[in-house]
Amino acid sequence: MHIILYRNLIKPEMDVLKRLLTNAKLATLTANGEPYGLIEDGALVIEGGRITWVGKAADLPSHYASLSADDIGGRLVTPGLIDCHTHVVFGGDRAREFEMRLQGATYEEVARAGGGIVSTVKATRAASEKQLLEAALPRVDALIAEGVTAIEIKSGYGLDRETELRMLRTARKIGKLRPITVKTSFLGAHAIPAEYKDKADLYLEKVCLPTLEAAHAEGLVDAVDGFCEGIAFSPEQIGKVFDKAKQIGLPVKLHAEQLSNLNGAALAASYGALSADHLEYLDEAGVKAMAESGSVAVLLPGAFYTLRETQFPPLDLLRKHNVPVALATDCNPGSSPLASLLLTMNMGCTLFRMTPEEALAGVTREAAKALGLDDQGTLAPGKRADLAVWNVSHPAELSYRIGFNSLFKRIFGGSE
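Calculation rules
Residues numbered from 1 in each chain as written. Predicted model: local features only at pLDDT ≥ 70, side-chain atom pairs only at ≥ 80, totals over all residues. Heavy atoms only, no water. UniProt positions renumbered as here; feature names shortened; annotations may be inferred. Helix = DSSP H or I, 4+ residues; strand = E, 2+ residues; numbered from the N terminus. Rg over C-alpha atoms; globule rule 2.2 N^0.38 Å. Buried < 20%, exposed > 50% of the residue type's maximum accessible area, 1.4 Å probe, protein only. Contact = heavy atoms within 4.5 Å. Areas by Shrake-Rupley, 256 points an atom, 1.4 Å probe, with all protein chains shown as cover. Pairing = 2+ DSSP bridges. Axes fitted to C-alpha atoms, helices over the stretch in contact; angles between N-to-C directions. Polar contact = N/O pair within 3.5 Å; in protein donor to acceptor, adjacent residues only side chain to side chain. Parallel < 35°, antiparallel > 145°, perpendicular 65-115°, else oblique. Left-handed = near helix turned anticlockwise from the far one by under 90°. Nonpolar A, V, L, I, M, F, W, Y, C, P; charged D, E, K, R; others polar. Phe/Tyr/Trp six-rings, centres within 6.5 Å; stacked < 30°, edge-to-face > 60°. Expected span 1.5 Å × (residues − 1). Domains from an automatic or database assignment. Buried area = accessible area lost by both parts, 1.4 Å probe. Salt bridge = Lys/Arg side-chain N within 4 Å of Asp/Glu carboxyl O.

As annotated in an unreviewed UniProt entry, the chain carries the name Imidazolonepropionase and comes from Roseibium aggregatum. The UniProt entry for the chain carries the following comment under Sequence similarities (unreviewed entry): "Belongs to the metallo-dependent hydrolases superfamily. HutI family." Regarding the chain, the relevant UniProt record gives this comment under Function (unreviewed entry): "Catalyzes the hydrolytic cleavage of the carbon-nitrogen bond in imidazolone-5-propanoate to yield N-formimidoyl-L-glutamate. It is the third step in the universal histidine degradation pathway."

Caption draft 1: Layout of the overall build of the chain. A count of helices and strands for the chain gives 15 helices and 15 strands. Here the C-alpha atoms of the chain give a radius of gyration of 21 Å, agreeing with the 22 Å that 2.2 N^0.38 yields for 416 residues. C-alpha atoms of the chain, sized along the principal axes, occupy 70 × 45 × 45 Å. Classification of the 416 residues of the chain by burial places 58% in the buried group. Across the chain, the fraction of contacts at a sequence separation of at least 24, relative to all contacts at a separation of at least 6, is 72%. For the chain, the exposed area adds up to about 16500 Å²; of that, 52% sits on carbon and sulfur atoms.

Caption draft 2: The arrangement of the sheet that holds strand 7 (residues 148-154) in detail. Read across the sheet, eight strands follow the order 6-7-8-9-10-11-12-13 without closing on themselves; strand pairing throughout is parallel. Strand pairing shows two members of the sheet lacking a second neighbour, strand 6 (81-83) and strand 13 (325-327), which therefore form its edges. Strand-to-strand twist of the sheet, defined as the mean angle between neighbouring strand axes without regard to direction, takes the value 25°. Where strand 9 (residues 223-228) and strand 10 (residues 253-256) come together, two bridges link them in parallel fashion. When the bridges of strand 10 are listed, Cys 228 appears paired with Ala 256. Sitting on the sheet, helix 6 (residues 200-217) touches strand 8 (181-189) and strand 9, and the angle it makes with strand 8 is about 165°.

Caption draft 3: Layout of the UniProt feature "binding site: Fe(3+)" (unreviewed entry) in the chain. Look at the UniProt record and you will see "binding site: Fe(3+)" (unreviewed entry) annotated at His 85, His 87, His 255 and Asp 330. Spanning 246 residues, the named residues nonetheless gather at one spot, since no C-alpha pair among them exceeds 12.4 Å. Of note, His 255 is situated in strand 10. Apart from residues no more than four positions distant in its own chain, His 255 is found in contact with His 85, His 87, Lys 154, Leu 187, Asp 225, Gly 226, Phe 227, Cys 228, Asp 277 and His 278. A polar contact is formed between the side chain of His 255 and the side chain of Asp 225, at a distance of 3.3 Å. With respect to the secondary-structure elements, Asp 330 resides in the loop between strand 13 and helix 12 (341-350). Residue Asp 330 is classed as buried on the basis of its relative accessible area of 2%. In contact with Asp 330, not counting residues within four places along its chain, are His 85, Thr 86, His 87, His 278, Leu 300, Ala 303, Ser 335 and Ser 336.

Caption draft 4: Structural view of the environment of Leu 204. Along the chain, the position of Leu 204 falls in helix 6. For the pair Leu 204 and Asp 71, spaced 133 residues apart in sequence, the C-alpha to C-alpha distance is 55 Å. The contact partners of Leu 204, leaving out residues within four places of it in the chain, are Ala 189, Leu 209, Pro 210, Phe 233, Gln 237 and Val 241.

Caption draft 5: Representation of the packing of helix 5 (residues 161-177) against helix 6 in the model. Running from amino to carboxyl end, helix 5 crosses helix 6 at an angle of 40°, the nearest separation of the two axes being 10 Å. Considered as vectors, helix 5 and helix 6 are oriented oblique to each other. Between helix 5 and helix 6 lies a crossing whose hand is right-handed. Across the interface between the two elements, Arg 161, Glu 164, Leu 165 and Leu 168 from helix 5 touch Val 207, Pro 210, Thr 211, Ala 214 and Ala 215 from helix 6. Counted by class, the contact of helix 5 with helix 6 contains six nonpolar, one polar and two charged residues.

Caption draft 6: Looking closely at the packing of aromatic side chains. Using the criterion set out here, one finds six aromatic pairs in the structure. Measuring from centroid to centroid gives 6.4 Å for Phe 90 and Tyr 157, while their planes differ by 80°, and the two rings are edge-to-face. Here Tyr 157 lies in the loop between strand 7 and helix 5 and Phe 90 lies in the loop between strand 6 and helix 1 (95-102), a separation of 67 residues in the sequence. Given a relative accessible area of 6%, Phe 90 falls into the buried group.

Caption draft 7: Region of interest: helix 7 (residues 235-248). Helix length check: helix 7, at 14 residues, gives a terminal C-alpha distance of 20 Å against a target of 20 Å (1.5 Å per residue), a fit within 8%. Taken residue by residue, helix 7 has Pro 235, Gln 237, Ile 238, Gly 239, Val 241, Phe 242, Lys 244 and Ala 245 as its buried positions. On its buried side, helix 7 packs onto strand 8, helix 6, strand 9, strand 10 and helix 8 (264-270). Remark: Gly 249 follows helix 7 within two positions and exhibits a positive phi of approximately 85°.

Caption draft 8: Geometry of unusual backbone geometry. The phi dihedral of Asn 23 is positive, around 50°, even though this residue is not glycine. Here Asn 23 shows up in strand 1 (residues 19-27). At Arg 308, a residue that is not glycine, the phi angle is positive and equals roughly 55°.

Caption draft 9: Broad picture of the domain arrangement of the chain. Domain assignment breaks the chain into domain 1 (18-80 + 378-411) and domain 2 (81-371). The centre of domain 1, based on its C-alpha atoms, is set 31 Å off from the matching centre of domain 2. With 24 residues of domain 1 in contact, the opposing surface of domain 2 contributes 23 residues. Summing the contributions of domain 1 and of domain 2, the shared interface buries around 1800 Å²; its carbon and sulfur component is 60%. Here domain 1 and domain 2 share zero salt bridges between them. At the level of secondary structure, the elements contributing two or more residues to the side of domain 1 that touches domain 2 comprise strand 5 (76-79), strand 14 (387-390), helix 15 (397-400) and strand 15 (407-411).

This is the structure:
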């Protein structure tokens, strides 16, 4: 398989020229008193890859009037979409396990039988960096084609020093080959490898924590993640990983309350986590802890759908306590082989009963918070000029359609 660097996907140099977008319907996702932060007949000015002015065209300052206007034709403009939880770098596939689950096996049963994450570990360890890159790029390209301008990529399918570092280097390379912001998360505490079966603490001591230090020293890590679950790591074990992250100055996030309630979200919140993700079994005490810490709840309807889950994340409690709610694909080979953030938005609405406005905020403003991207996620002065332009008449249409991509064009750092 050969990597195809399509011309419109090669990462461009930052456009330092001024640009003026006019005749646009702007979904700013800011608190301007309108749903979606909507501005009808809006205009937006870009300078040096940043938004410098946004508002009604009638209010455009006179010193911008001489700029050559890019007429958007009345189309909708949103912030570029952000996929804040993915595992897009991996080897192999798990289609056979998909069949097993359809025949009645549970996710936990598959994992305990040697499948699940551990089976992907075997395939990933056997793959070179070139092979991992060639396999991941089509998934990333599919997201870019839907208006995604930032993505998080986790390690966690190596579970040894060499492969974890290889995965993270691959993720960094994707950010150089494609016009997309890549944030990496070290997920060494994802599963216990076969060679350390029943020796989770020894694995953390001998492999996970030293590998985290090595990855950080190489500049490969933006955040530290873990899987707090009965089939993975206990809260006490995750605490050791988070202590190391805190020691070296990295933020944390956590897969929590997906299959049971081990109070992982509260643990993550006690470390000021960027986010806690999945959360189907989250209780009100965990929600309150997240509210106090400002941690984002990242909901992953692709995994809920694929695993045929029946336990819904507590959306009403998250709303009640004003916890920010993000959405992400969780793109991975097993529990969520999903590479469409637009479909994720529809799933968030149809499965979890989110509103279309919550869904759009969940893949822009709140997703940016989940990655610590302070300069992304809304259309406001000072933000990166990462935009998506859509052939739709109303923002709700982005969540309403199923299997249809209405993207007209994508602007990354002010460039197309």
